[in-house]
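Below are the chains, spelled out letter by letter.
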Amino acid sequence: MKTHILGFPRIGVGRELKDALEAYWKGSFSHNGLETVCRSLRQRHWAIQKKAGLSFVATGDFSLYDHVLDVTAMLGAVPERFGERGETVDADTYFAMARGDSSRNIPAMEMTKWFNTNYHYIVPEISKSLAPRLSRRKILEETSEAIEAGYAPKPVLLGPITYLSLSKGVDGFDSWEKCGEIVAVYAEVVAELGAVCDWIQMDEPILCADMCRQARDFFLPAYQTLNQATGKARLLLATYFDILDEDLDLALASGCAGLHVDLVHGRGQLERVLDRLPANMVLSAGVVNGRNIWRTDLSEALDVLRKIRDRIGEKRLMVGSSCSLLHAPVDLEAEPTLDAELKSWMAFAAQKCGEVAVLGDILQGRDFAARVEPSAEAVRSRRASSRVIDARVRRRCERIAPEMLCRKSPYPERKKAQSWLDLPLFPTTTIGSFPQTAQIRAQRKRFKDQAISGDEYRAFLEDTIRATIEKQEELGLDVLVHGEPERNDMVEYFGQQLAGFCFTANGWVQSYGSRCVKPPIIFGDVSRPAPMTVEWISYAQSLTSKPMKGMLTGPGTILCWSFVRDDLERAEVCKQIALAIRDEVADLQAAGIRIIQIDEAAFSEGMPIKQKDREAYLRWAVDAFRLATAVVDDATQIHSHMCYSEFNDIIHSIAEMDADVISIESSRSKMELLEAFGDFEYPNEIGPGVYDIHSPRVPSKEEIKGLLEKALRSVPKERLWVNPDCGLKTRDWPEVVDSLRNMVTAARILRSAPADER
């Protein structure tokens, strides 16, 4: 019986990859230095997997930026704007595709969420002129590296059908026309891997989502080609994040030697899969959750695995993680200060490798009692703990009435009541955060280490806020923010002030590229013991006569960007968070803050990946936002912000949220995402992002003006706001100032244009 994981985190327990990448981008680290760090991380991660007792180590899962971009580079699918393509895709081209090229003023490729996770991938651009060829041998080289180091590799490669399903055609070109040529390159890679490996993992999570007609039509021919190329190796078709529904037959007919199914997020499919599994197909059972941090209930997992073993036999069963461990922190042992009881309930990536291996050992008769008892004790402890349930929170949730979800008046009446703001056409603002400079991070650490007093730290933050406001006034922004220097993260900051949360020191997870987040952990019922932002926002408002936005993170985003308890429905957890945010909104208004932004950056991220399952989620997610915001008067303006999404399918739900103003990330798509708002005739106000904050490139005022003119085709001028794509915390001040100055200038040019030209 084989045991394996579908992938391991890349960043390193101390975020070594982040540090190396950012030093390389700044020119203070050589390419050889970067490669040395990467090799060290791969070797360390393979050692963890082997030491845990897994049958294979995953190769090809390590990435300098993104595994989807890795396939783009492997295929040589470099967009023409990046210049002539050589025989190989070098590091500079690879990073330019992800981040843009500021020296040549070339914008980056579009970025969006990886299914319903907080991981972002770089969207492939497939053009008619593309001639796919093997242009980057990364997965082959890393697999050889593992073999040379004495490991048994199982290469992990994003499958061609999912890759094309996530791509976009250039200038209306149908990406699927290139499927045959792309599969031919895949076959070349598979043939080389097949000469040295027993198993090759082909990830096709699109099988668990809503596949388009072309994906279904091309799937079987593609896998016929790939299976013929494998040589002595066998293909493991990996699916995850949901159940194999109408596409189960397609997966079973793939000709692959093995099928991996997610039995955490898709346990309901097991009976159907077992009933129809071909006699010559191995089943890989994903019973260890790759997307959360709770210990596996080994007894429960063993019941599932024994059922499978009894049906198909031990030799046809593989034990694995539900999906890649990319979505989990690296190692729980790096948390020496975490509360001992809470820590005993958890497992990070390194520990999950051990859980998978232990399950395999137990099924084969090794060390049963000694291996299961610690897991059983952790499960008992968590269920019995008095720290988990708060009766007051439960009673308050039960008393929520329908009228608590509704603003006092509809938007047109609120718009009149908000005329006191006296804003010009195309009002300019930012999304909330300003650069988290090295000085800010250093002072935060000094305060945390007690090297400076609370009064000294407060004085520093006040000076920083004052300087940030002065810069915004100098630039001429219309609605200001305080810049959030006191906040480490838009979710962690609030979680640290809410009951029911705990925090790690090194529980980092990759969001995109070098961007890492440290999700809070929701272990119990959530409430707000005291105001969280009122003092800082009130101080900022006292420094300016311009309106100041109060900045909050919405309940859905706090939920999605945390590791959430699994003993209570997510909808109920979200409701608890919404009540806590509602209290903060009420206190901000009472303090005189009359523009309040409640960010729902993860609104679409929380959706099930199948269309048919989304209605229920959208209902409770919208209700949670309305519960958090409907406490304000008509004269108070409610904003929200949303990150990369395909808005067409959820536009009605966005309208139901009834925010006065929403801002959306749209610059990388060149306002294409905004078409949904025009087709639907979205009734409230919109601020489409006019420059990409994920790239260091400074957009010109002409470029921004062009994007705004394009936006005006979908949004009436009276309802169009002007803002960046997202918060500015990861950027440097010089590029921020230049970009915002161009943004404000572009808005002023539009205001001064004759009415019939706008």
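Residues numbered from 1 in each chain as written. Predicted model: local features only at pLDDT ≥ 70, side-chain atom pairs only at ≥ 80, totals over all residues. Heavy atoms only, no water.

1. Brief notes about the overall build of the chain
Part 1 of the reasoning: Within the chain one finds 27 helices and 22 strands.
Part 2 of the reasoning: Scaling as 2.2 N^0.38, a compact globule of 758 residues should have a C-alpha radius of gyration of about 27 Å, and the chain matches this with 26 Å.
Part 3 of the reasoning: The principal-axis extents of the C-alpha atoms in the chain amount to approximately 75 × 65 × 50 Å.
Part 4 of the reasoning: Here the chain holds 758 residues, and the buried ones make up 62% of them.
Part 5 of the reasoning: Within the chain, residue pairs in contact and separated by at least 24 positions form 79% of the contacts whose partners lie at least 6 positions apart.
Part 6 of the reasoning: Surface summary for the chain: the accessible area is close to 28000 Å², and the carbon and sulfur share equals 48%. (Helix = DSSP H or I, 4+ residues; strand = E, 2+ residues; numbered from the N terminus. Rg over C-alpha atoms; globule rule 2.2 N^0.38 Å. Buried < 20%, exposed > 50% of the residue type's maximum accessible area, 1.4 Å probe, protein only. Contact = heavy atoms within 4.5 Å. Areas by Shrake-Rupley, 256 points an atom, 1.4 Å probe, with all protein chains shown as cover.)

2. Side note on the environment of Val393
Part 1 of the reasoning: With respect to the secondary-structure elements, Val393 resides in helix 15 (residues 391-398).
Part 2 of the reasoning: The class for Val393 is buried, based on a relative accessible area of 8%.
Part 3 of the reasoning: Sequence separation between Val393 and Val526 is 133 residues; the distance between their C-alpha atoms is 7.2 Å.
Part 4 of the reasoning: In this structure, Val393 is in contact with Asp525, Val526, Ser527 and Gln576, ignoring residues within four places of it in sequence.

3. Considerations on the sheet that holds strand 22 (residues 685-688)
Strands pair in a sheet through their backbones, by hydrogen bonds, and they do so in one of two ways: parallel or antiparallel.
Part 1 of the reasoning: On the basis of which strands lie adjacent, the open sheet formed by five strands has the order 17-19-20-21-22 and parallel pairing. Both outer strands of the open sheet, strand 17 (549-553) and strand 22, are each paired with one neighbouring strand and no more. Between one strand and the next, the sheet's axes are offset by a mean angle of 20°, whatever the strand orientation.
Part 2 of the reasoning: Here strand 17 pairs with strand 19 (residues 595-599) via five bridges, running parallel. Looking across to strand 19, one finds that Leu552 is bridged to Ile598. (Pairing = 2+ DSSP bridges. Axes fitted to C-alpha atoms, helices over the stretch in contact; angles between N-to-C directions.)

4. Topic: the packing of aromatic side chains
Part 1 of the reasoning: This structure, assessed with the given rule, holds 17 aromatic pairs.
Part 2 of the reasoning: What links up through ring pairs into an aromatic cluster is the set Tyr24, Trp25, Tyr65, Tyr94 and Phe95.
Part 3 of the reasoning: Above the face of the Tyr94 ring, Arg136 is positioned so that its terminal group lies 4.3 Å from the ring centre.
Part 4 of the reasoning: Cation over ring: Arg382 sits above Trp294, and NZ or CZ is 3.8 Å from the ring centre. (Phe/Tyr/Trp six-rings, centres within 6.5 Å; stacked < 30°, edge-to-face > 60°. Lys NZ or Arg CZ within 6 Å of the ring centre and 35° of its normal.)

5. Looking at the sheet that holds strand 16 (residues 521-527)
Part 1 of the reasoning: Read from one edge to the other, the open sheet built from three strands follows the order 13-16-18, with strand pairing classed as mixed. Each edge of the open sheet is held by one strand with a lone partner, namely strand 13 (499-502) and strand 18 (563-564).
Part 2 of the reasoning: Sheet analysis places strand 13 next to strand 16, joined by three bridges and oriented antiparallel. Bridged to Ala499 within strand 16 is Ser527.
Part 3 of the reasoning: Each of strand 16 and strand 18 touches helix 22 (residues 570-590); the most contacted strand, strand 16, lies at about 55° to it.

6. Things to note about the pattern of salt bridges
Part 1 of the reasoning: Inspection of the entire model under this criterion finds 61 salt bridges.
Part 2 of the reasoning: In this structure, Lys612 and Asp245 form a salt bridge, with 3.3 Å as the shortest nitrogen-oxygen distance. Of this pair, Lys612 sits in the loop between strand 19 and helix 23 (614-629) while Asp245 sits in the loop between strand 9 (234-238) and helix 9 (248-252), and the two are 367 residues apart along the sequence.
Part 3 of the reasoning: Taking the relative accessible area as the measure of exposure, Lys612 reaches 55% and is therefore exposed. (Salt bridge = Lys/Arg side-chain N within 4 Å of Asp/Glu carboxyl O.)

7. With respect to unusual backbone geometry
Both trends apply: most residues other than glycine have a negative phi, and most peptide bonds are in trans.
Part 1 of the reasoning: In this structure, Phe115 is a non-glycine residue whose phi angle is positive, near 50°.
Part 2 of the reasoning: By the secondary structure assignment, Phe115 is in the loop between strand 3 (111-113) and strand 4 (120-122).
Part 3 of the reasoning: Among the residues examined, Phe115 registers a relative accessible area of 16% and is labelled buried.
Part 4 of the reasoning: At Phe426, a residue that is not glycine, the phi angle is positive and equals roughly 55°.
Part 5 of the reasoning: By secondary structure assignment, the location of Phe426 is in the loop between helix 16 (411-417) and helix 17 (438-448).

8. Examining the packing of helix 1 (residues 16-25) against helix 2 (residues 31-52)
Part 1 of the reasoning: Axis separation between helix 1 and helix 2 bottoms out at 10 Å; the angle between their running directions is 170°. By the angle class used here, helix 1 and helix 2 are roughly antiparallel. In this structure, helix 1 contributes Glu16, Leu17, Ala20, Leu21 and Tyr24 to the contact, and helix 2 contributes His31, Leu34, Val37, Cys38, Leu41 and Arg44.
Part 2 of the reasoning: Partitioning the contact of helix 1 with helix 2 into residue classes produces eight nonpolar, one polar and two charged. (Parallel < 35°, antiparallel > 145°, perpendicular 65-115°, else oblique. Nonpolar A, V, L, I, M, F, W, Y, C, P; charged D, E, K, R; others polar.)

9. Considerations on the state of the cysteines
Part 1 of the reasoning: Per the counting criterion, the structure on display carries zero disulfides.
Part 2 of the reasoning: No disulfide involves Cys406; its sulfur sits 17 Å from that of Cys574, the nearest cysteine.
Part 3 of the reasoning: In this structure Cys502 is a free cysteine whose sulfur lies 18 Å from that of Cys560, the closest cysteine sulfur available. (Disulfide = S-S within 2.5 Å.)

10. Topic: the nonpolar core
Part 1 of the reasoning: Counting residues in each nonpolar core, the largest one holds 100 residues, and the members touching the most others are Ile581, Ile596, Phe603, Ile654, Phe677 and Leu740.
Part 2 of the reasoning: The residues contacting Ile654, other than those within four sequence positions of it, are Phe603, Met642, Phe647, Ile662, Phe677 and Tyr682.
Part 3 of the reasoning: Ranked by size, the runner-up nonpolar core spans 97 residues in total, among them Ala229, Leu277, Leu298 and Ile308. (Core = buried A, V, L, I, M, F, W, Y, C linked by side-chain atoms within 4.5 Å.)

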